[in-house]
Amino acid sequence: MGLFILRRFGVMLLTALCLTFVVFFLTNLYPNLEKLAKTQGNQRMSDEQVETWLDNRGYLQPTLVKYGQWLGVLPGYTKTLDDGTFLGTCTRPGSTEETTSRYCGVLQGDWGYSSVFKDEVGTIVGKRLGNTGYLMFWVLVLMVPSALLVGVLAGMREGSALDRSLSTFSIITTATPEYVSGVIFIAIFTSSTVGLKWFKGTATQAMDNPTFENFFLPVLTIALYGMGYIARMTRASMTEVMTAQYIRTARLKGVSFGNIVMKHALRNALIAPFTVIMLQFPWLLNGVVIVETLFNYKGFGWALVQAAGNNDIQLLLAISVVSVFVVLVTQLISDIGYVYLNPRIRIS
Amino acid sequence: MEPLSWTGSIAILNPILMIALAALVVSIVVWIIGSIVLPEAPLSLNADGTLSSGTGLRGLTQSALRYSFFACVVLALAYIVLGILMGTSAGIVGAISQQFLPVWLSLIILFAMSIAFKRRLGLYGKLFDSPIGMIGFGLVMFWVFTGIFGALDLIITHDPLSQVSGMKNKVPGTPLQNPEDGEYAWYLLGGDNLARDVFSRMVKGAWIVVQIAPLATMFAFMVGITLGLPAGYYGGRLDTFLSFLANLILAFPVILLFYLLVTPEIVATGVPNYMAAVLFIFPILFIGVLLNSRYYTRPNFRTPLLIGVLGIALWLYLSLISTDGYIINTDDYGIWGLPTYLDLFDIPGGILVVFVSVVFVNSPTVFRIVRGLALDIKTRDYVAAAQTRGEGPWYIMLWEILPNARGPLIVDFCLRIGYTTILLGTLGFFGLGLPPESPDWGSTINEGRKLLSIYLHPALPPAFALLSLVLGLNLLADGLREESLKD
């Protein structure tokens, strides 16, 4: 088991390296750098001015060197201009040659400086992740129990009226992406045309003061899309368990139906959904980006859209590291948890 | 011109529809509760040894459900038929159903032909045995026909890009201020914030989806199958390497990937053209290997066949990836492609990058499914038999394993078209790739959402259109799964 986890960590590290390099490569293509120079410097810069601007800040070095600097295995780029301004990859506005450290990379714990938000990337990502974490927590609180309940209720009597209506419900939710259900919810519950006005159409205030009124719709929108899939998987697993031999034995012994479901079937039926829930995280991340844009909730997904829209290289890299980390860790947890939950695999 | 109301002179049907819908809801609730609370229908043993079951209270709830459902369907049909006959005097509903007349006709013909010959049509015919599958197929074909006839300018009432003065944000059914001769006199579903017709934009948006989604899914399947079969069949290092690559792409959050790939700056560097050149070669490889492995024992037949098929495929491939005589044309350098006079069609850079990135995102998942199926099927006896016969590995993969994996693959194909539709909508929603004035559903939803608290009508029609198409595809997949499990 220890070796297995160690190997998985190795693969994880390799994946993260490859992915960050891809992001690094794509964000450092010349047209992207030109856009960065023009947004940071001056929109009306000539081609030569763009080139000098980029050259002064070390953007025109070979990609591998720049990647090494970002990682912190190569010393950062520095240059003192003729007028005495000190520039480089490790500098912050106002810093001098003495206050700048030689290496500044991820290995040194320095995530860089965001060119859009004019702040340390580390603090931005931390703050935005806090907001998104809060959102995700409530999404999981709403989504997981209701999905499991729907799945178990549908799967315990296959083909019954309850099964058919709950299955239809879960098919409809999987067919409704967040940007459709969010728009429909906003239209029904917040607009002045319909006039219900139960909820608020934006979650901007929810960052400081989350209430049911301004926070429920974003949570519901993300939860609904993920719910249908988990419910269908739970239903499939539950129907499989309900046809197993030991359930038939229990029925023949005269155990009541409620007892069979609660004591005999439920535990075995919940192994598969656990994996599914864990593997659902990458999709939740997607939903978070859409919903945060739709409801104007300034979290991780919102930061991703801002960073990508403005080619904020270091913020984008940090964001991709975090999301890749989330995806790979949830995969690892699902693998370990599966082994742990299923005694047949653990013992053999 | 008078503004149109929703139902016009057939408004007498509205209270009846309300009653029928209320009855449907009540009977569904009673049916569910009844299935839990009421006892099962009593069984009685007949003298000849057969069992017969009485109807009981449960049967009563079931028939109540059936009748109220039929009432709703009949009423909906009445709206459509009266609408076709009466046109605009039946209000917006009537006018829309009249505009959709070619779609209704094609649907009726398709369903009548399919049901008449369903026993001879294999799995497709069996679809018409399952009500769920039929509903799903109907929804999907509705949007397919809408897309096709919309592209032929049969359904739309106005040009989806032209703006008409005075129609900005007008509610559904508003008449045009000064309609010219022969111009449709109303905006059936209102105008958007640039005074364009919402109805025509929704119909045109269907064509974009119908064009891109199935084709992109097919390409993703070709890539996934060509790589997944050897990975599952050979295993070993090849498998480890390809699986690592697939997991690498899957670990990327889709939206981040889109934001990195689908920007004008990246299109300018030519990266999507390189990706297109790599990804689109897989179908050629697939077809080439497929035919060669089957016919290599008959060189006299194989060689001309391969030359013909691969020649056409290569021509299509080259005209697909080359634009204006270049395969890649950036400011710094260019790679020569097919000369313009041989180029069959040009794909604008925006569409190409959308297409490529959707294929790129979908193919690792297909790869994983195919690899799993190949791992499972290669242990079967018929594969061992083929190996003993001395068949080559590619023959076994493509002519023994692939046909036997078709059930799950067809089901996944339907689901994946739906997922691709969602992805296309996501791209439009973030304003990536397609031009901003494009009528695709994602862009329209994105534009409409900005004024959503005041004007509902620009955002809701494309939202419901996308919802119903994806729902149809999911139901179709469910029906296919059910029917393919039966044999």
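Residues numbered from 1 in each chain as written. Chains lettered and ligands numbered in written order. Predicted model: local features only at pLDDT ≥ 70, side-chain atom pairs only at ≥ 80, totals over all residues. Heavy atoms only, no water.

Some words on the overall build of chain A
Step number 1: Helix and strand content of chain A: 15 helices and 4 strands.
Step number 2: Here the C-alpha radius of gyration of chain A, 26 Å, is well above what a compact globule of 348 residues would show, namely 20 Å.
Step number 3: With respect to the three principal axes, the spread of C-alpha positions in chain A is 90 × 60 × 30 Å.
Step number 4: Once local pairs closer than 6 in sequence are excluded, the contacts in chain A between residues at least 24 apart make up 65%.
Step number 5: Carbon and sulfur atoms provide 63% of the accessible area of chain A, an area that totals close to 16600 Å².
Step number 6: Positive and negative side-chain charges in chain A, numbering 27 and 21 respectively, have mean positions lying 18 Å apart. (Helix = DSSP H or I, 4+ residues; strand = E, 2+ residues; numbered from the N terminus. Rg over C-alpha atoms; globule rule 2.2 N^0.38 Å. Contact = heavy atoms within 4.5 Å. Areas by Shrake-Rupley, 256 points an atom, 1.4 Å probe, with all protein chains shown as cover. Lys, Arg positive; Asp, Glu negative; His and termini not counted. Charge placed at Lys NZ, Arg CZ, Asp CG, Glu CD.)

A few points about the UniProt feature "transmembrane region" (unreviewed entry) in chain A
Residues and elements named next belong to chain A.
Step number 1: UniProt tags residues 9–30, 135–154, 166–189, 215–232, 270–295 and 315–341 as "transmembrane region" (unreviewed entry).
Step number 2: Secondary structure content for residues 9–30 is 91% helix and 0% strand, and the end C-alpha separation is 34 Å.
Step number 3: For the annotated span residues 315–341, helix accounts for 100% and strand for 0% of the residues, and the straight-line distance between the end C-alpha atoms is 38 Å. (UniProt positions renumbered as here; feature names shortened; annotations may be inferred.)

Focus on the packing of aromatic side chains
The geometry of two aromatic rings is summed up by the distance between their centres and the angle between their planes.
All names here are of chain A.
Step number 1: Within the structure shown, the criterion is met by 38 aromatic pairs over all chains.
Step number 2: Joined through ring pairs, the aromatic side chains of Phe185, Phe189, Trp198, Phe199, Phe212 and Phe216 make up one cluster.
Step number 3: The residue whose ring lies beneath Lys298 is Trp302, and the NZ or CZ to ring-centre distance is 5.3 Å. (Phe/Tyr/Trp six-rings, centres within 6.5 Å; stacked < 30°, edge-to-face > 60°. Lys NZ or Arg CZ within 6 Å of the ring centre and 35° of its normal.)

A look at the interface of chain A and chain B
Step number 1: Between chain A and chain B, the contact holds 52 residues from the first and 45 residues from the second.
Step number 2: Its largest share of buried area at the contact with chain B, chain A owes to Leu26(A), Tyr179(A) and Val183(A), together 14% of the area lost on that side.
Step number 3: The interface formed by chain A and chain B holds 2 salt bridges in total.
Step number 4: Among the salt bridges present, the one from Arg232(A) reaches Asp478(B), with a minimum N-O distance of 2.7 Å.
Step number 5: Within the residue set of the side of chain A that touches chain B, elements represented by two or more residues are helix H1 (2–27), helix H2 (30–40), helix H6 (161–174), helix H7 (178–189), helix H8 (212–242), helix H12 (281–295), helix H13 (300–309) and helix H14 (313–341) of chain A.
Step number 6: The leading source of residues in the side of chain A that touches chain B is H1(A), at 9 residues. (Buried area = accessible area lost by both parts, 1.4 Å probe. Salt bridge = Lys/Arg side-chain N within 4 Å of Asp/Glu carboxyl O.)

Here we look at the side chain of Ser130(B)
Step number 1: Within the secondary structure, Ser130(B) is located in the loop between helix H5 (122–126) and helix H6 (131–151).
Step number 2: Here Ser130(B) falls in the buried class, since its relative accessible area comes to 2%. (Buried < 20%, exposed > 50% of the residue type's maximum accessible area, 1.4 Å probe, protein only.)

A word on unusual backbone geometry
Residues and elements named next belong to chain A.
Step number 1: Of note, Asn296 is a non-glycine position whose phi angle comes to about 55°, a positive value.
Step number 2: Here Asn311, not a glycine, exhibits a phi torsion of approximately 50°, which is positive.
Step number 3: Along the chain, Asn311 turns up in the loop between H13 and H14.
Step number 4: In this structure Asn311 comes out as buried when scored by relative accessible area, which is 3%.

With respect to a negative patch on the surface
Residue and element names in this part refer to chain A.
Step number 1: A grouping of Asp47, Glu48, Glu51 and Asp55 is seen on the molecular surface, where their side chains present a negatively charged patch.
Step number 2: Here Glu51 is to be found in helix H3 (residues 47–56).
Step number 3: Taking relative accessible area as the criterion, Glu51 reaches 41% and is therefore assigned partly exposed. (Patch = residues over 30% accessible without salt bridge, like charges linked within 9 Å, V, L, I, M, F, W, Y side chains within 5 Å.)

A word on the domain arrangement of chain B
All names here are of chain B.
Step number 1: When cut into domains, chain B gives domain 1 (1–37 + 56–119) and domain 2 (130–486).
Step number 2: In this structure, domain 1 and domain 2 have C-alpha centres spaced 32 Å apart.
Step number 3: Broken down residue by residue, the surface that domain 1 buries against domain 2 is led by Met1, Gln99 and Phe100, which jointly contribute 29%.
Step number 4: There are 0 salt bridges connecting domain 1 and domain 2.
Step number 5: On inspection of domain 1 and its partner domain 2, the count reaches 2 residue pairs in polar contact (both at pLDDT 80 or more).
Step number 6: Secondary-structure elements contributing two or more residues to the side of domain 1 that touches domain 2 are helix H3 (91–99) and helix H4 (101–116). (Domains from an automatic or database assignment. Polar contact = N/O pair within 3.5 Å; in protein donor to acceptor, adjacent residues only side chain to side chain.)

Quick notes on the packing of helix H12 (residues 281–295) of chain B against helix H16 (residues 393–404) of chain B
Helix packing geometry: the angle between the two helix axes and the distance between the axes.
Residue and element names in this part refer to chain B.
Step number 1: Interaxial distance between H12 and H16 falls to 8 Å at its minimum, and their mutual angle equals 95°. Comparing their axes, H16 and H12 come out roughly perpendicular. Contact with H12, carried on its side by Phe286, Val289, Leu290, Ser293 and Arg294, involves Trp394, Tyr395, Leu398, Trp399 and Leu402 of H16 and no other residues of that element.
Step number 2: Across the contact of H12 with H16, the residue classes break down as 8 nonpolar, 1 polar and 1 charged. (Axes fitted to C-alpha atoms, helices over the stretch in contact; angles between N-to-C directions. Parallel < 35°, antiparallel > 145°, perpendicular 65-115°, else oblique. Nonpolar A, V, L, I, M, F, W, Y, C, P; charged D, E, K, R; others polar.)

Comments concerning helix H1 (residues 13–37) of chain B
Step number 1: Over its 25 residues, H1(B) runs 35 Å from end to end, which matches the ideal 36 Å to within 8%, given 1.5 Å per residue.
Step number 2: Those residues of H1(B) that sit buried are Leu13(B), Leu17(B), Ala20(B), Leu24(B), Ser27(B), Trp31(B), Ile32(B), Gly34(B) and Ser35(B).
Step number 3: Its buried side turned inward, H1(B) meets H6 of chain A together with helix H2 (56–86) of chain B. (Expected span 1.5 Å × (residues − 1).)

A closer look at the domain arrangement of chain A
Residues and elements named next belong to chain A.
Step number 1: Entries for chain A in the domain assignment read domain 1 (2–108) and domain 2 (122–347).
Step number 2: Centre-to-centre separation of domain 1 and domain 2, based on C-alpha positions: 37 Å.
Step number 3: Taken together, the contact pairs 19 residues of domain 1 with 17 residues of domain 2.
Step number 4: Residue Asp335 pairs with Arg8 through a salt bridge whose shortest N-O separation is 2.3 Å.
Step number 5: The interface formed by domain 1 and domain 2 holds 4 residue pairs in polar contact (both at pLDDT 80 or more) in total.
Step number 6: Of all elements in the fold, only H1 and H2 reach the threshold of two or more residues within the side of domain 1 that touches domain 2.
Step number 7: Ranked by the residues each element gives to the side of domain 1 that touches domain 2, the list is headed by H1, at 12 residues.
Step number 8: Considered class by class, the residues forming the side of domain 1 that touches domain 2 number 12 nonpolar, 5 polar and 2 charged.

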